Amino acid sequence: MSRLATVGIYEATLERFLEALHTANVGLVVDVRQRRAVRGHEYAWANARRLEAALLAEGIAYSHHKELAPTTELRRVQYAEDARQGVGKRSRRVLAPEYAERYSREILGRADLSPLIEELPPDAVTALLCVERDPEACHRSLAVAALARAVGAQVQHLYP
């Protein structure tokens, strides 16, 4: 049976991030970001090439599934709700209902999860990665829920 997790970048260092992955027996990190970069020098380690190299050095596979990333238009829906509530994406705690509904319909409703399912390691955890610390504040929680339903897996959330 496949085992699934989610992991965010905010508030983590590379060392704590890698430790959390090893502790959870993560064998594959699936990046579901549209842009695989994070603003801020403290997160330079999470930019695609550096992250992929760090994971490779640790024996953890890396895969990018851009088809599970929200579109720019969809992200603007969330940003508008963040502005209305006076929160930034680094402090967001939940997704806007309109964003969640549209992501489920526009992204997950059209996505073919088969290629990702074929990548899942049978003997290790697969962790979906995005930037937000809290999974409830990030589309990865919606994506991993769809994946979990498809493969009959439970999900754990990692907090580096």
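Right above here is the structure, for reference.
What counts, and where the lines are drawn
- Residues numbered from 1 in each chain as written.
- Predicted model: local features only at pLDDT ≥ 70, side-chain atom pairs only at ≥ 80, totals over all residues.
- Heavy atoms only, no water.
- 1 Å grid on protein atoms, 1.4 Å probe; cavity = no way out; pocket = protein on both sides within 12 Å on 5 of 7 lines; lining within 4 Å.
- Points joined across faces, edges and corners; volume = space filled by probe spheres on them.
- Nonpolar A, V, L, I, M, F, W, Y, C, P; charged D, E, K, R; others polar.
- Helix = DSSP H or I, 4+ residues; strand = E, 2+ residues; numbered from the N terminus.
- Buried < 20%, exposed > 50% of the residue type's maximum accessible area, 1.4 Å probe, protein only.
- Salt bridge = Lys/Arg side-chain N within 4 Å of Asp/Glu carboxyl O.
- Core = buried A, V, L, I, M, F, W, Y, C linked by side-chain atoms within 4.5 Å.
- Contact = heavy atoms within 4.5 Å.
- Pairing = 2+ DSSP bridges.
- Axes fitted to C-alpha atoms, helices over the stretch in contact; angles between N-to-C directions.
- Right-handed = clockwise from strand over helix to strand, strands pointing away.

## Describing empty space enclosed by the protein
Counted under the stated rule, the structure contains one cavity of 30 Å³ or more. Taken as a whole, the largest cavity spans an internal volume of roughly 50 Å³. Residues of the lining of the largest cavity, tallied by class, amount to two nonpolar, no polar and eight charged.

## Things to note about unusual backbone geometry
One non-glycine residue, glutamate 11, lies in the positive phi region at around 75 degrees. On the secondary structure map, glutamate 11 appears in the loop between β1 (3-7) and α1 (14-23). Here the phi dihedral of asparagine 25 falls at roughly 60 degrees; this positive angle occurs in a residue that is not glycine. Within the secondary structure layout, asparagine 25 lies in the loop between α1 and β2 (26-31). Judged by its relative accessible area of 37%, asparagine 25 is partly exposed.

## A word on the pattern of salt bridges
Taken as a whole and judged by the stated rule, the model has eleven salt bridges. Via salt bridges that share partners, Glu73, Glu98, Glu101, Arg102, Arg105 and Glu106 belong to a single interconnected network.

## Points about the nonpolar core
One finds Ile9, Phe17, Leu21, Val26, Trp45, Leu55 and Tyr103 to be the most contacted residues of the largest nonpolar core, which totals 52 residues. Elements that contribute at least two residues to this core include exactly β1, α1, β2, α2 (48-57), α3 (72-85), α4 (97-108), β4 (125-129) and α6 (140-151). Considering every element that reaches this core, the biggest residue donor is α6, with six residues. Those residues in contact with isoleucine 9 that sit more than four places away from it in its chain are Arg33, Val38, Tyr43, Trp45, Ala46, Leu129, Cys130, Val131 and Glu132.

## Observations concerning the sheet that holds β1
In spatial order, the strands read β3-β2-β4-β1-β5; together these five strands make up an open sheet with parallel pairing. The sheet terminates laterally at β3 (61-64) and β5 (155-158), the two strands that pair on one side only. Across the sheet, the mean angle separating the axes of adjacent strands is 25 degrees when strand polarity is ignored.

## Looking at the pairing of β2
Taken across its six residues, β2 has five buried, putting it largely inside the fold. Pairing of β2 with β4 involves five bridges; the strand directions are parallel. Of the residues in β4, the one forming a bridge with aspartate 31 is leucine 129. Inspection of the sheet shows β2 paired to β3 by four bridges, in the parallel sense. Bridge pairing links leucine 28 to alanine 61 in β3. For the handedness criterion, the β-α-β arrangement of β2, α2 and β3 is classed as right-handed.

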